[in-house]
Number of protein chains: 4
Amino acid sequence: MIVVLKHNPNQEQVNGLIGWLQEKGVGIHTSVGEANTILGLVGDTSKLDIDLIAALDIVEDVKRVQEPYKNANRKFHPEDTVIRVGNTQIGGGSLTIMAGPCSVESEEQVVTIAKAVKASGATMLRGGAFKPRTSPYAFQGLGEQGLAYLKAAKEETGLPIVTELMDLSQLPLFRDVDVIQIGARNMQNFDLLKAVGHQDKPVMIKRGMSATYEEWLMSAEYVMAGGNEKVILCERGIRTFESYTRNTLDLAAVPVMRRLTHLPIIIDPSHATGKSWLVEPLAMGAVATGADGLQIEVHNDPAHALCDGPQSLRPEDFDRLAKKLLALQAAVRGMEG
Amino acid sequence: MIVVLKHNPNQEQVNGLIGWLQEKGVGIHTSVGEANTILGLVGDTSKLDIDLIAALDIVEDVKRVQEPYKNANRKFHPEDTVIRVGNTQIGGGSLTIMAGPCSVESEEQVVTIAKAVKASGATMLRGGAFKPRTSPYAFQGLGEQGLAYLKAAKEETGLPIVTELMDLSQLPLFRDVDVIQIGARNMQNFDLLKAVGHQDKPVMIKRGMSATYEEWLMSAEYVMAGGNEKVILCERGIRTFESYTRNTLDLAAVPVMRRLTHLPIIIDPSHATGKSWLVEPLAMGAVATGADGLQIEVHNDPAHALCDGPQSLRPEDFDRLAKKLLALQAAVRGMEG
Amino acid sequence: MIVVLKHNPNQEQVNGLIGWLQEKGVGIHTSVGEANTILGLVGDTSKLDIDLIAALDIVEDVKRVQEPYKNANRKFHPEDTVIRVGNTQIGGGSLTIMAGPCSVESEEQVVTIAKAVKASGATMLRGGAFKPRTSPYAFQGLGEQGLAYLKAAKEETGLPIVTELMDLSQLPLFRDVDVIQIGARNMQNFDLLKAVGHQDKPVMIKRGMSATYEEWLMSAEYVMAGGNEKVILCERGIRTFESYTRNTLDLAAVPVMRRLTHLPIIIDPSHATGKSWLVEPLAMGAVATGADGLQIEVHNDPAHALCDGPQSLRPEDFDRLAKKLLALQAAVRGMEG
Amino acid sequence: MIVVLKHNPNQEQVNGLIGWLQEKGVGIHTSVGEANTILGLVGDTSKLDIDLIAALDIVEDVKRVQEPYKNANRKFHPEDTVIRVGNTQIGGGSLTIMAGPCSVESEEQVVTIAKAVKASGATMLRGGAFKPRTSPYAFQGLGEQGLAYLKAAKEETGLPIVTELMDLSQLPLFRDVDVIQIGARNMQNFDLLKAVGHQDKPVMIKRGMSATYEEWLMSAEYVMAGGNEKVILCERGIRTFESYTRNTLDLAAVPVMRRLTHLPIIIDPSHATGKSWLVEPLAMGAVATGADGLQIEVHNDPAHALCDGPQSLRPEDFDRLAKKLLALQAAVRGMEG
């Protein structure tokens, strides 16, 4: 950590700060510059409160040198995390394809789609039972009944289930769910993160609409700090000034997360763009960029889907896309040589 | 609602759409243009799913003409909402000043500050017992104990309390709280909004870091749809590319909310900027813009505050500021004449 | 165009508006709704000033149905534009690779790099002679001398040159330049756009840091309105709240531009991210997404480049990347089959 | 400047870097931390290229401690800059009110408005002769003829003129213009900034739509580096995800600029919001925040203005507003005591 002092600081206060830091076991190197004096703090600075130091009268700025996340940090955990779910895995060179409807509508619907996407190469079934909707007047999901339909589809196809948990009161209903999804709007619902940190189930954290990489990793850190190391990251578009697409998909998140963390990274092109005709090119882009997998909306009747119809593919479109994605991944892997 | 059809749409499908809309009781006016045909839908379109229509093959775009919020809409409720809390009120021409520490640290601290801010003109006491912190390793607030200290300060001073609810499991502890605050990160925690919609207590909703005006009003609508009409809006800065300030305070929110809704609007310059020296000029700007009130952080020892020290004022600074704000409001009111 | 009237508008003013519109040769369909009356304007509305209508007392909102760009619009020009430059082409299924140093520093430097990138598969030479630098104290480019060095490299290798024009006073010096680049900061320098619209040379327009798709296409329209139809679009990242990367590369721009316009689209991953280790994954992503080409910075000594060193590849890295990109394009093309 | 080295860097390269820095006359303090070694550079580091150092293999990050602007920096020029224009001044406690039409349309129009706004208290006349318009098909301004009309209005009223320069080829026509305005889209048109840096006329630089405070000040630095110290800053809204208003007015820019620079700061609420009903509340907010002045659009017939009608006030509205603004400034000044 680096503390930049103001020009001509009160020397007594400087000494007070230095003494206080030394008490905390932090070493200090002082550099006297033309305009500012700089204190370089060495040793374990992770317990120091950066805001507290920044608030001092004599301090102009405090700059952190180390990342604030530890469990999620690749520096302290160089090996890729690979998460086994049912008889598939996430990370470690596989291509995870989570496919299914935005909302679970009926047992028939979800079983039909599950069979179709499995035949096309999907490795997991996605589908919403609890739905975060902007309007209180919109369809809110089938809830517990929806989870039962997902379970039926899982029994029929063997596909593990990933579905969203919106509130910790719903946790007891998630027994048969394989991967708990934390939605973008709940990425900083810290009580929810703490609760799933005590579960023995993988957790997939969608990036908040305006979350920085660091904040996203800090949300992973919340889950990991509770003891649950099985965390998956999912980029689903960030909010920018561009309104033609629902959000702006940030594919740089793939190589950046690869460098900063050991956790797997999934891309959701359906929610990112809100337009079904953008799913294929961006899914292809995600695979070429090195993503560990994709989450894709598929609906047997997109025009009558109860929510988010415009961004869903038909099973036949998904079939064509899944084959292209697998071929692309094989081609890209071949180039690594 | 306006439906823009694609160029040369399949006429059979167009007839199908028109028939379906008519069944829903919606009237249709067709305008055949050079490049596109437009359907103008009249009557009660609030039950139509805009996404579903947009997903149809023959549809290029759907544009909504009416706002999706009703209870919060000034069009249907022209009178300003005025909310009584203890012996003060929010809205209706008063200037609400909510002041207090970011985090409650001890009974002595909060009672001392409460007395000071009351003497300076504050009308409510703010203070965090449950704290949303980006890092799991940061101080998370005193929780229930913090609420007890706030209650003590309220008994001592008579100031009503506003404090943040982070999860609905904490609701039973909020008996003595006067205004429930929903934080920016929870603005779209819909289960939490539904829960406070069934309470008989005012709810103050902070604007999400990247929430549009409409999304913010839809969160108010969630609470109001549950029967709780006592909703207050609080602007606390939005996230932009500018990183010198923590967020960018959007003071246009004051007149915009005044026009779109009848609910009171409060400004929080402390969190918006993250710098104590910006609190005064922006608080002055907020009052001149017509805000119903302010939420301001005050700490007796900002440099040792457990969180958010850099944005807190000292009691003596707050005293000077509160007097200026009240004088400014009187001056501005005099000009309305 | 759709005009939404206010609730209970002054009927005389409505009739005035309708009469005025009819004089302009525009047909009008009126839809009387519950809350609002809507006028659907049909016929040629491109000459109507949307702002003027929106300013009327009786008007609540005006919504455009048609795109404001014509020459650049795929609807009126369904065939892809293919631009021949020297013995290469941009668009039409080829993969354009523009490579070279950020800044031209010496004849030796640019000739050396030009030879290397040609050998690796580059189809054009990029290099800055006039450099837009944020600071007046930073190196501003070699100017006319730099153009001479580029010309020497072109003579040596046969690679066509693309380089940035910053001001129309420099235009006479651009005789030997093959493609004029308009930088992101000048995307809305309308006098410059008009000037290059009268040239008989391809123009590549970089997307402004906060430009919407529509504004970007309107800048293309400026050039095309002057008679120059050879316009290329280049996405180089947009400004968002994320500051880890210099900008956020928006790869959705590739399929979106493919749909909205017939002009070729190039991706610049070097400037978008500002980090050389992000160039490869994002260049791969761009090709898989369907881009017509890439602009990539290559420097024989990135650590001593006069500007933008951190985002440059070494020739050996570029060689490996170019081969991968060409193999990827072949693989992707094979899948279209 | 602080250089953070990577974990376990090549020691030979570190010594090479240190030697090179010492040759440049920079002193170095080394702090060996647990995870990283930090070099604190002291002395005159303004000539060091931060990007070049950041590109080195052994370097993880470089953090600047000092601002990159000098002439514009309040640290080196503590006194407020006050700019005299005709018989008025900008800065130094006065309230500058620049008022007039968006576009100059006719001599009668601009003279009529100039007389009206002068009578209401305006201190300068604004009006566009050269207009930056997003569409090549929109009205582009009257150009030289428009400047002549402005001159006529100046002769009639004595009000100094501020008007936009779009290209340096127009500079010879600006003889009678008192303040040259650089538009938001040209904030980083560096050739234009250099050109006005050699003029003996005040220059008002509008903040670019996505420009940071630092970039804005660097544009001021470009002008000042050429010898022209008479620079005025004008905030006119930044681009965010919120699309209800045209831009988001950032009033924190007032106190932030007051601290970082000695240059005067003007607020333009008309362009920032694009809605005339938002001009009054935000203009009031700007004065209360401490702005040196306002730029406000006034039109005698907003509904028929050739451009930007929706954001213009009528003269009678402006009259009421100007009186309120002057009263507010007097009231605020009275509070400073």
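Each chain has its residues counted from 1, running along the sequence as written. Naming scheme: in the order in which they are written, chains are lettered from A and ligands are numbered from 1. Selection of residues for local features in this predicted model requires a pLDDT of at least 70, selection of side-chain atom pairs for listing and counting requires 80 or more, and totals for whole chains, interfaces and linings are taken over all residues. The basis for every side-chain value is the complete set of non-hydrogen atoms in the structure, without hydrogens or water.

**What about the overall build of chain A?**
In step 1: Each helix and strand counted, chain A has 10 helices and 14 strands in total.
In step 2: Taken along the three principal axes of its C-alpha coordinates, chain A extends 75 × 50 × 40 Å.
In step 3: Remark: exposure states derive from per-residue accessible area (1.4 Å probe, protein chains only) relative to the maximum for the residue type, with buried under 20%, exposed over 50%, and partly exposed in between. In chain A, buried positions account for 64% of the 337 residues.
In step 4: We get accessible surface area from the Shrake-Rupley algorithm with a probe of 1.4 Å; when it comes to residues, only the shown protein chains can shield them. With the model as given, the accessible surface of chain A reaches about 11400 Å², and the carbon-plus-sulfur share is 47%. The way it works is that DSSP assigns letters per residue, a run of H or I at least four long becomes a helix, a run of E at least two long becomes a strand, and they are numbered from the N terminus.

**Focus: the relation of the copies chain A and chain B**
In step 1: Copy-to-copy alignment: least squares on C-alpha atoms, limited to residues at pLDDT 70 or above in both. For the pair chain A and chain B, the best superposition has an RMSD of 0.1 Å and corresponds to a rotation of 180° with a translation of 0.0 Å parallel to the axis. The superposition operator between the copies reduces to a two-fold rotation axis. For chain A, the residue whose C-alpha comes nearest the rotation axis is Ser210(A), separated from it by 3.0 Å.
In step 2: The contact definition used throughout considers only heavy atoms, calling two residues in contact when any of these lie within 4.5 Å. The overlap is high: 100% of the interface residues of chain A also sit at the interface in chain B, so the same surface is used on both sides.

**Some points on the sheet that holds strand E4 (residues 59–63) of chain C**
Residues and elements named next belong to chain C.
In step 1: Note on pairing: two strands pair once DSSP finds at least 2 bridges between them. One open sheet holds the 4 strands; their spatial order is E2-E3-E1-E4, and the pairing between them is antiparallel. Each edge of the sheet is formed by a strand with only one pairing partner; in this case those strands are strand E2 (27–32) and E4. Strand-to-strand twist in this sheet, taken as the mean axis angle between neighbours without regard to direction, amounts to 20°. Angles here are taken between N-to-C directions and fall from 0 to 180 degrees, while the axes themselves are lines fitted to C-alpha atoms, restricted in helices to the stretch in contact.

**Observations concerning the interface of chain D and chain A**
In step 1: Contacts between the two partners involve 25 residues from chain D and, on the opposite side, 25 residues from chain A.
In step 2: Summing both partners gives a buried area of about 1900 Å² for chain D against chain A, and 60% of it is carried by carbon and sulfur.
In step 3: Any Lys or Arg side-chain nitrogen found within 4 Å of a carboxyl oxygen on Asp or Glu counts as a salt bridge. Seen at the junction of chain D and chain A, the total is 2 salt bridges.
In step 4: For Glu60(D), the salt bridge is made with Lys75(A), and the minimal N-O distance between the two is 3.2 Å.
In step 5: Here a polar contact is taken to be a pair of N or O atoms separated by no more than 3.5 Å, where protein atoms must pair a possible hydrogen donor with a possible acceptor and residues adjacent in sequence count only if both atoms sit in side chains. Viewed at the interface, chain A and chain D are joined by 3 residue pairs in polar contact (both at pLDDT 80 or more).
In step 6: If you list the elements that add at least two residues to the side of chain D that touches chain A, you get strand E1 (2–5), strand E2 (27–32), strand E3 (37–42) and strand E4 (59–63) of chain D.
In step 7: Of all the elements, E2(D) adds the most residues to the side of chain D that touches chain A, at 4 residues.
In step 8: Under the convention adopted here, Pro, Cys and the residues Ala, Val, Leu, Ile, Met, Phe, Trp and Tyr are nonpolar, Asp, Glu, Lys and Arg are charged, and Gly plus all remaining residues are polar. Counted by class, the side of chain D that touches chain A contains 8 nonpolar, 9 polar and 8 charged residues. The buried area of a pairing is the accessible area, by a 1.4 Å probe, that goes missing from both parts when the two are put together, added over both.

**What about the relation of the copies chain D and chain A?**
In step 1: Mapping chain D onto chain A is achieved by rotating through 180° and translating by 0.1 Å along the same axis, at an RMSD of 0.1 Å.
In step 2: The fraction of interface residues of chain D whose copies in chain A are also interface residues reaches 100%, indicating that both copies meet through the same surface.

**Some details on the sheet that holds strand E10 (residues 179–182) of chain B**
Strand pairing in a sheet is mediated by backbone hydrogen bonds. Such pairs are either parallel or antiparallel.
All names here are of chain B.
In step 1: In space, the 8 strands of this closed barrel follow the order E7-E8-E9-E10-E11-E12-E13-E14, with parallel pairing throughout. Across the sheet, the mean angle separating the axes of adjacent strands is 25° when strand polarity is ignored.
In step 2: Pairing of strand E11 (residues 203–206) with strand E12 (residues 231–235) involves 4 bridges; the strand directions are parallel. Looking at E12, one finds that Ile-205 is bridged to Leu-233.
In step 3: Most of the contacts of helix H9 (residues 279–289) go to strand E14 (residues 293–297), to which it runs at about 170°, and overall it touches strand E13 (265–267) and E14.

**Side note on the environment of Lys115(D)**
Residues and elements named next belong to chain D.
In step 1: Residue position: Lys-115 is located in helix H3 (residues 107–120).
In step 2: Using a relative accessible area of 43% as the deciding quantity, one classes Lys-115 as partly exposed.
In step 3: For the pair Lys-115 and Asn-186, spaced 71 residues apart in the sequence, the C-alpha separation amounts to 30 Å.
In step 4: Beyond its immediate sequence surroundings of up to four residues, Lys-115 is in contact with Glu-156 and Thr-157.

**Notes on the interface of chain A and chain B**
In step 1: Between chain A and chain B, the contact holds 46 residues from the first and 46 residues from the second.
In step 2: Together chain A and chain B conceal approximately 3800 Å² of surface at their shared face, both sides included; 51% is due to carbon and sulfur atoms.
In step 3: Run the count over chain A and chain B and you get 2 salt bridges.
In step 4: Close ionic contact of Glu215(A) with Arg239(B) constitutes a salt bridge, the shortest N to O distance being 2.7 Å.
In step 5: Along the contact surface separating chain A from chain B lie 19 residue pairs in polar contact (both at pLDDT 80 or more).
In step 6: Those elements that place two or more of their residues in the side of chain A that touches chain B are helix H2 (50–54), helix H5 (190–196) and helix H6 (213–225) of chain A.
In step 7: By residue number, the principal contributor to the side of chain A that touches chain B is H6(A), which donates 5 residues.
In step 8: When the residues that make up the side of chain A that touches chain B are grouped by side-chain class, the tally is 21 nonpolar, 12 polar and 13 charged.

**Comments concerning the packing of aromatic side chains**
In step 1: Think of it this way: a Phe, Tyr or Trp ring, Trp meaning its six-membered ring, pairs with another when their centres are within 6.5 Å, and the plane angle makes it stacked under 30 degrees, edge-to-face over 60, tilted otherwise. Taken as a whole, this structure holds 12 aromatic pairs over all chains when the rule is applied.
In step 2: Measuring from ring centre to ring centre gives 5.8 Å for Tyr244(A) and Tyr213(C), while their planes differ by 80°; the resulting arrangement is edge-to-face. Of this pair, Tyr244(A) sits in the loop between strand E12 (231–235) and helix H7 (253–260) while Tyr213(C) sits in helix H6 (residues 213–225), each in a different chain.
In step 3: The criterion is that NZ of a Lys, or CZ of an Arg, lies within 6 Å of the ring centre and within 35 degrees of the ring normal, and then a charge sits over that ring. Taking NZ or CZ as reference, Arg259(B) lies 3.7 Å from the ring centre of Trp277(D), over its face.

**Considering the environment of Lys6(B)**
Residue and element names in this part refer to chain B.
In step 1: Mapped onto the secondary structure, Lys-6 falls in the loop between strand E1 (2–5) and helix H1 (11–23).
In step 2: Each C-alpha atom of the pair Lys-6 and Glu-229 lies 42 Å from the other, and the pair is 223 residues apart in sequence.
In step 3: Here Lys-6 is in contact with Asn-36, Asp-57, Ile-58, Val-59 and Glu-60, once residues within four sequence places are set aside.

**Observations concerning the state of the cysteines**
In protein chemistry, a disulfide is the covalent bond that joins the sulfur atoms of two cysteines.
All names here are of chain B.
In step 1: Pairs of cysteine sulfur atoms within 2.5 Å are identified as disulfides in what follows. Evaluation of the coordinates by the stated rule reveals 0 disulfides over all chains.
In step 2: Free of any disulfide, Cys-234 has its nearest cysteine sulfur in Cys-102, 13 Å distant.
In step 3: By relative accessible area, which is 0% here, Cys-234 ends up buried.

**Brief notes about the confidence of the model for chain A**
In step 1: In this model, chain A carries a mean pLDDT of 91, and residues with pLDDT of at least 70 account for 96%.
In step 2: Among the scores for the predicted complex, ipTM is 0.91 and pTM is 0.93. For every residue, the predictor states its confidence as a pLDDT score lying anywhere from 0 to 100.

**Description of the pattern of salt bridges**
In step 1: By the definition in use, this model includes 68 salt bridges over all chains.
In step 2: A salt bridge links Lys75(C) to Glu67(C), with the shortest nitrogen-to-oxygen separation between them at 3.2 Å.
In step 3: Among the residues examined, Lys75(C) registers a relative accessible area of 44% and is labelled partly exposed.
In step 4: Put simply, Arg207(A), Glu235(A), Asp250(A) and Glu242(C) are held in one network by salt bridges that share partners.

**Topic: the packing of helix H9 (residues 279–289) of chain A against helix H10 (residues 315–336) of chain A**
Residue and element names in this part refer to chain A.
In step 1: At their nearest, the axes of H9 and H10 sit 9 Å apart, and the two run at 20° to each other. When the interaxial angle is binned, H9 and H10 end up roughly parallel. Two packed elements cross with a definite hand, and for H9 against H10 that hand is right-handed. Each of Val-279, Glu-280, Ala-283, Met-284, Val-287 and Ala-288 in H9 lies in contact with H10, whose residues at this interface are Arg-320, Leu-321, Lys-324, Leu-325, Leu-328, Gln-329 and Val-332. Angle categories are assigned with fixed cut-offs, so that under 35 degrees is roughly parallel, over 145 is roughly antiparallel, 65 to 115 is roughly perpendicular, and the rest are oblique. When the near helix sits turned anticlockwise from the far one by under a right angle, the crossing is termed left-handed; a clockwise turn instead gives a right-handed crossing.

**Section: the packing of helix H10 (residues 315–336) of chain B against helix H10 (residues 315–336) of chain D**
In step 1: The interhelical angle for the contact between H10(B) and H10(D), taken along N-to-C directions, is 155°, at an axis separation of 10 Å. Of the possible angle classes, the one that applies to H10(B) and H10(D) is roughly antiparallel. Considering the relative orientation of H10(B) and H10(D), their crossing is right-handed. Here Lys324(B), Ala327(B), Leu328(B), Ala331(B), Val332(B), Met335(B) and Glu336(B) of H10(B) come into contact with H10(D), specifically with Lys324(D), Ala327(D), Leu328(D), Ala331(D), Val332(D), Met335(D) and Glu336(D).
In step 2: Of the residues contributing to the contact of H10(B) with H10(D), the split by class is 10 nonpolar, no polar and 4 charged.

**Quick look at helix H1 (residues 11–23) of chain D**
Residue and element names in this part refer to chain D.
In step 1: Helix span, as expected, comes to 1.5 Å for every residue beyond the first. Taking 1.5 Å as the rise per residue, H1 with 13 residues should run 18 Å; its terminal C-alpha atoms sit 18 Å apart, in good agreement.
In step 2: Taken together, the buried positions of H1 are occupied by Val-14, Leu-17, Ile-18 and Leu-21. Buried residues of H1, viewed axially, fall in a sector of 95°; they line one side. Counted as exposed and oriented over 90 degrees from the buried face of H1: Glu-12 and Glu-23.
In step 3: Contacts from the buried residues of H1 go to E1, E2, E3, helix H2 (50–54) and E4.
In step 4: You can read the cap of H1 off the contacts: a side-chain oxygen lies 2.8 Å from the backbone nitrogen of Glu-12, and it is on Asn-10. Here the arc refers to the directions that run from the helix axis out to each C-beta atom.

**Topic: helix H4 (residues 144–157) of chain C**
All names here are of chain C.
In step 1: An ideal rise of 1.5 Å per residue puts 20 Å on 14 residues; H4 measures up with 20 Å between its terminal C-alpha atoms.
In step 2: Those residues of H4 that sit buried are Gly-146, Leu-147, Tyr-149, Leu-150, Ala-152, Ala-153 and Thr-157.
In step 3: Buried positions along H4 lie against helix H3 (107–120), strand E8 (124–126) and strand E9 (161–164).
In step 4: Backbone geometry just downstream of H4 places Gly-158 in the positive-phi region, at approximately 80°.

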